[in-house]
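Residues per chain are reported as follows:
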Amino acid sequence: MESSAAARAGFHPLRVSEVDRLTDDSVAVTFAVPPELHEAYRHLPGQHLALRRTGEQGEEIRRTYSICAPASPAGEPPVLRVGIRLVDGGSFSTYALKELTVGDLVEVMEPRGRFTLAPRPGHFAAVVGGSGITPVLSIAATLLAREPEARFCLIRSDRTAASTMFLDEVADLKDRYPDRFQLITVLSREEQQAGLPSGRLDRERLAGLLPALLPVDSIDGWFLCGPFGLVQGAEQALRGLGVDRARIHQEIFHVDDGSAPAPAPRPTPRRTPP
Ligand SMILES: Cc1cc2nc3c(=O)[nH]c(=O)nc-3n(C[C@H](O)[C@H](O)[C@H](O)COP(=O)(O)OP(=O)(O)OC[C@H]3O[C@@H](n4cnc5c(N)ncnc54)[C@H](O)[C@@H]3O)c2cc1C
């Protein structure tokens, strides 16, 4: 039985209905939503879910995962699907990749988050790294399906083609909307037969690349998602190109080692003169 305290906090136990392997180190997990919870789990494209479990020592392990499925139109059941990438030694992602199976119950919080785009006419773009594709897949798929006057450019950075999440889903957007969906892929550890040379998608590279790919000034909204270093580099490149802060939306999944913001210097205590 669901406890009323859990339900008040927005958590409900949902049954896993599908676990699909995306790559060697990532899965897509779909939850069944009972009809009485359809409205509670209706999400905006780009929102995320908190998932919670109890660890071996009885501790609560709670992590956030973005919804990759497009937002369902009103009247249709919501599709709750998240993409989870394995983090070495990571407690929740290891459980999701190695243990979670169809039929399991998971505590799932109702959708939250402001990294969203309500479909409207315009030209939008995203810069994503690794699992940062997850919310942007929902944003782009919902936008292109619902708004014929919208265009979307996805610039994605991954290590190798084999480790790229949602390769087929993104290729499907390209097939369905050849005139409205533009895809640029950069692999950091592998050369591609066609496309851009390999390497990191850092601030300098983006500053040179973006104006060659897009009319940067007339993009209506930028969506940056992934590790802190990539999101920060993309934001700095865009700001350097004169993009207004109000047009830049960010979702940081993880602060990677070495790229965390330097802690603010401590104020030197004032000495009162003797
Ligand atoms: C808003 C938001 C949305 C997110 N959406 C997704 C998503 O759609 N898909 C997804 O796979 N993840 C997503 N994440 C990241 C996710 O919440 C977890 O942080 C991640 O799965 C690691 O959890 P863990 O319990 O396996 O690792 P932990 O046990 O928390 O961490 C183990 C070690 O790995 C490091 N670490 C933690 N997270 C990462 C990471 N992402 N990459 C590399 N090292 C890491 C930690 O610093 C620690 O040293 C999102 C995070 C946020 C804040």
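A. Main features of the site of the ligand. Taken together, 19 residues surround the ligand, and among them Arg-63, Thr-64, Tyr-65, Phe-92 and Ser-93 come closest. Here an oxygen atom of the ligand and a side-chain polar atom of Tyr-65 are 2.6 Å apart. When isolated, the ligand has an accessible area of 900 Å², and the protein chains bury 70% of it. Residue assignment for the shell around the ligand shows that the elements contributing at least two residues are β4 (60–66), β5 (80–85), α2 (91–98) and β11 (248–254). Its residues assigned to classes, the shell around the ligand comprises six nonpolar, 10 polar and three charged. Each of domain 1 (4–109) and domain 2 (122–262) contributes no fewer than three residues to the shell around the ligand.

B. Region of interest: the sheet that holds strand β8 (residues 150–158). Taken in spatial order, the five strands line up as β9-β8-β7-β10-β11 in an open sheet, and their pairing is parallel. Of all the strands in the sheet, just β9 (181–187) and β11 have a single pairing partner and so form its edges. The sheet shows a mean angle of 10° between the axes of neighbouring strands, direction not considered. Against the sheet, helix α3 (residues 133–146) contacts β7 (122–129), β8, β9, β10 (221–227) and β11, and its axis sits at roughly 160° relative to β8.

C. Summary view of the domain arrangement of the protein. By domain assignment, the protein separates into domain 1 (4–109) and domain 2 (122–262). Inter-centroid distance (C-alpha atoms) of domain 1 to domain 2 is 24 Å. Contact with domain 1, which involves 21 residues of that partner, is made by 19 residues of domain 2. Looking only at domain 1, the three residues that lose the most surface to domain 2 are Ser-66, Cys-68 and Arg-85, adding up to 36% of its buried area. At the boundary of domain 1 with domain 2, the tally comes to one salt bridge.

D. View of the packing of aromatic side chains. Overall, the coordinates contain three aromatic pairs when judged by the stated rule. A ring pair is formed by Tyr-65 and Phe-92, whose centres lie 5.7 Å apart and whose planes are at 40°; its orientation type is tilted. Of the two residues, Tyr-65 sits in strand β4 while Phe-92 sits in helix α2, which places them 27 residues apart along the sequence. The pair Tyr-65 / Phe-92 is uniform in exposure class, with both members buried. With 5.3 Å between their ring centres and 80° between their planes, Phe-92 and Tyr-95 make a pair best called edge-to-face. Pair noted here: Phe-92 and Tyr-95 are both in helix α2, with a separation of three residues, about one helical turn. Each member of the pair, Phe-92 as well as Tyr-95, carries the same accessibility label: buried. Members of the aromatic cluster, joined through ring pairs, are Tyr-65, Phe-92 and Tyr-95. Over the aromatic face of Phe-11 sits the side chain of Arg-52, whose NZ or CZ is 3.8 Å from the ring centroid.

How each quantity is defined
- Residues numbered from 1 in each chain as written.
- Predicted model: local features only at pLDDT ≥ 70, side-chain atom pairs only at ≥ 80, totals over all residues.
- Heavy atoms only, no water.
- Near = heavy atom within 4 Å.
- Polar contact = N/O pair within 3.5 Å; in protein donor to acceptor, adjacent residues only side chain to side chain.
- Areas by Shrake-Rupley, 256 points an atom, 1.4 Å probe, with all protein chains shown as cover.
- Helix = DSSP H or I, 4+ residues; strand = E, 2+ residues; numbered from the N terminus.
- Nonpolar A, V, L, I, M, F, W, Y, C, P; charged D, E, K, R; others polar.
- Domains from an automatic or database assignment.
- Pairing = 2+ DSSP bridges.
- Axes fitted to C-alpha atoms, helices over the stretch in contact; angles between N-to-C directions.
- Contact = heavy atoms within 4.5 Å.
- Buried area = accessible area lost by both parts, 1.4 Å probe.
- Salt bridge = Lys/Arg side-chain N within 4 Å of Asp/Glu carboxyl O.
- Phe/Tyr/Trp six-rings, centres within 6.5 Å; stacked < 30°, edge-to-face > 60°.
- Buried < 20%, exposed > 50% of the residue type's maximum accessible area, 1.4 Å probe, protein only.
- Lys NZ or Arg CZ within 6 Å of the ring centre and 35° of its normal.

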